[in-house]
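Listed below are the residues making up each chain.
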Amino acid sequence: MPFGVANATTIFIYYMNMIFRPYLDKFVMVFIDDILTYSRNREEHAEHLRVVLAFLREHQLYGKLSKCEFWLEEVQFLEHVISAQRIVVDQAKIETMVKWERPQTVTEV
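Residues numbered from 1 in each chain as written. Predicted model: local features only at pLDDT ≥ 70, side-chain atom pairs only at ≥ 80, totals over all residues. Heavy atoms only, no water.

Some points on the overall build of the chain
Moving on, step 1. When you go through the chain residue by residue, the secondary structure sums to three helices and five strands.
Moving on, step 2. The secondary structure elements of the chain, listed N-terminal to C-terminal, are α-β-β-α-β-β-β-α.
Moving on, step 3. Taken over C-alpha atoms, the radius of gyration comes to 18 Å for the chain, far larger than the 13 Å a tight globule of 109 residues would show.
Moving on, step 4. Taking the principal axes of the C-alpha coordinates as reference, the chain spans close to 55 × 40 × 25 Å.
Moving on, step 5. Taking all 109 residues of the chain together, the buried fraction comes to 19%. (Helix = DSSP H or I, 4+ residues; strand = E, 2+ residues; numbered from the N terminus. Rg over C-alpha atoms; globule rule 2.2 N^0.38 Å. Buried < 20%, exposed > 50% of the residue type's maximum accessible area, 1.4 Å probe, protein only.)

This is the structure in structure tokens:
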């Protein structure tokens, strides 16, 4: 994507959703350039990872290995902590909001 294109992010999001459409909400979630792959068991997950990585290669999209994480039992994604047992709001985000100081003046509000 050339730098400076006004709608580059929108076009990229559309493209990612378009190529992963057959798998969205089945075992893939895409948010901008984050791809979350989820499965019921390890064997199914291995197959899902093969599909996702093959799709990326087929469409000449590449991930930076140092930014990838595989085989996680729990993951932080979009301000939530997701595991097999539950989905909860990330406690670090809640603590930040609780620690905010209350505005004292009209300008601070």
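With respect to the packing of aromatic side chains
Moving on, step 1. All told, the structure shown has three aromatic pairs when counted by the stated rule.
Moving on, step 2. On the numbers, 5.0 Å between centres and 45 degrees between planes, the contact of Y23 with F27 is tilted.
Moving on, step 3. A relative accessible area of 23% places Y23 in the partly exposed class.
Moving on, step 4. Look at F27 and you get buried, because its relative accessible area is 8%.
Moving on, step 5. Here the aromatic rings of Y23 and F55 are separated by 5.2 Å at their centres, their planes lie at 85 degrees, and the arrangement is edge-to-face. Here F55 lies in helix α2 (residues 42–58) and Y23 lies in the loop between α1 (8–19) and β1 (28–31), a separation of 32 residues in the sequence.
Moving on, step 6. One aromatic cluster is present, built from ring pairs that chain together F20, Y23, F27 and F55. (Phe/Tyr/Trp six-rings, centres within 6.5 Å; stacked < 30°, edge-to-face > 60°.)

Overview of the nonpolar core
Moving on, step 1. In this structure, M16, I19, F20, F27, V28, V30, V51, V52, F55, L56 and L61 together form the largest nonpolar core, which totals eleven residues.
Moving on, step 2. For this core, the secondary-structure elements that each account for two or more residues are α1, β1 and α2. (Core = buried A, V, L, I, M, F, W, Y, C linked by side-chain atoms within 4.5 Å.)

So, the side chain of H45
Moving on, step 1. One can find H45 in helix α2.
Moving on, step 2. We classify H45 as buried; its relative accessible area is 12%.
Moving on, step 3. If we ignore the near neighbours within four places in the chain, the residues touching H45 are T37, Y38, S39 and W71. (Contact = heavy atoms within 4.5 Å.)

Things to note about the side chain of T37
Moving on, step 1. When you line up the elements, T37 lands in strand β2 (residues 34–37).
Moving on, step 2. A residue is classified by how much of its surface remains accessible, and T37, at 14% relative accessible area, is buried.
Moving on, step 3. Setting aside chain neighbours within four positions, we find T37 in contact with F27, H45, H48, L49 and V52.

Description of a nonpolar patch on the surface
Moving on, step 1. A grouping of M29, F31, I32, Y38 and L78 is seen on the molecular surface, where their side chains present a nonpolar patch of about 390 Å² in accessible area.
Moving on, step 2. Mapped onto the elements, Y38 comes out in the loop between β2 and α2.
Moving on, step 3. The class for Y38 is partly exposed, based on a relative accessible area of 30%. (Patch = residues over 30% accessible without salt bridge, like charges linked within 9 Å, V, L, I, M, F, W, Y side chains within 5 Å. Areas by Shrake-Rupley, 256 points an atom, 1.4 Å probe, with all protein chains shown as cover. Salt bridge = Lys/Arg side-chain N within 4 Å of Asp/Glu carboxyl O.)

Some words on the sheet that holds strand β4 (residues 80–83)
Moving on, step 1. Overall, antiparallel pairing links the three strands, which are arranged β3-β4-β5 in an open sheet. Looking at which strands have only one partner, the edges of the open sheet turn out to be β3 (74–77) and β5 (87–89). Strand-to-strand twist across the sheet, computed as the mean angle between neighbouring axes with direction ignored, equals 25 degrees. (Pairing = 2+ DSSP bridges. Axes fitted to C-alpha atoms, helices over the stretch in contact; angles between N-to-C directions.)

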